[in-house]
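These are the residues of each chain, in order.
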Amino acid sequence: MTIETTIFSVLSQDATLGAIIGLGDSAKLYPLRVPEDLSSPYVTYHVLSNEAHNKLAGRPDLERKEVEFGCVSTSYSEARAMANAIKFALGEEYGYLDT
């Protein structure tokens with residue numbers, strides 16, 4: 001599972017964020033680009049950096065990724081609510097992911 005897949009899986013099932021952008025496959029949650037003529041509110045995300053923690057020998061078994069989220073809305077308070085929902089939903093998502 002990739003970090004992008006995990007982000008979508010966690011956020012598309014979050015009830016707080018889902019109340020704003022929808023739940024499941026109908027959630028307005030997009031990696032990088034959004035469909036043309038999409039009405040707000042919606043969330044975009046993409047990986048900004050990917051840093052491998054090298055070992056002395058073999059493939060790195062640990063990576064650090066930095067992800068940026070964009071919360072788009074017609075109101076500041078709704079955009080802040082989306083940002084807070086993302087922060088709390090992903091707050092416990094750390095550790096190892098199998099890829």
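For the structure itself, consult the block above.
Throughout this document, residue positions are counted from 1 along each chain, in the order its sequence is written. Where local features are concerned, this predicted model is filtered to residues with pLDDT of at least 70; where side-chain atom pairs are given and counted, the filter is 80 or more; whole-chain, interface and lining totals use all residues. Side-chain metrics in this entry use all non-hydrogen atoms of the structure; hydrogen atoms and water are not considered.

## Overview of helix 3 (residues 76–90)
What counts is decided by this rule: In this text, helices come from DSSP runs of H or I with a minimum length of four residues, and strands from runs of E with a minimum of two, each type numbered from the N-terminal end. A helix's residues, less one, multiplied by 1.5 Å, set its expected span. Relative accessibility thresholds used throughout: buried, under 20% of the residue-type maximum; exposed, over 50%; partly exposed, between the two (1.4 Å probe, protein chains only). Note: the arc covers the axis-to-C-beta directions of the helix.
With 15 residues, helix 3 extends 21 Å between its outermost C-alpha atoms, agreeing within 8% with the 21 Å of an ideal straight helix rising 1.5 Å per residue. Residues of helix 3 that are buried: A79, M82, A85, I86, A89 and L90. The buried side chains of helix 3 occupy one side of the element, clustering within an arc of 120 degrees when seen end-on. Exposed and oriented more than 90 degrees from the buried face of helix 3 are Y76, S77, K87 and F88.

## Some remarks on the nonpolar core
Spelled out, the test is: We call a set of buried Ala, Val, Leu, Ile, Met, Phe, Trp, Tyr and Cys residues a nonpolar core when their side-chain atoms join them within 4.5 Å.
Counting residues in each nonpolar core, the largest one holds 14 residues, and the members touching the most others are L11, L17, I21, L29, V43, M82 and I86. Going through the elements one at a time, helix 1 (3–11), helix 2 (15–21), strand 2 (42–52) and helix 3 are the ones with two or more residues in this core. Considering each element in turn, this core owes the most residues, six residues, to helix 3.

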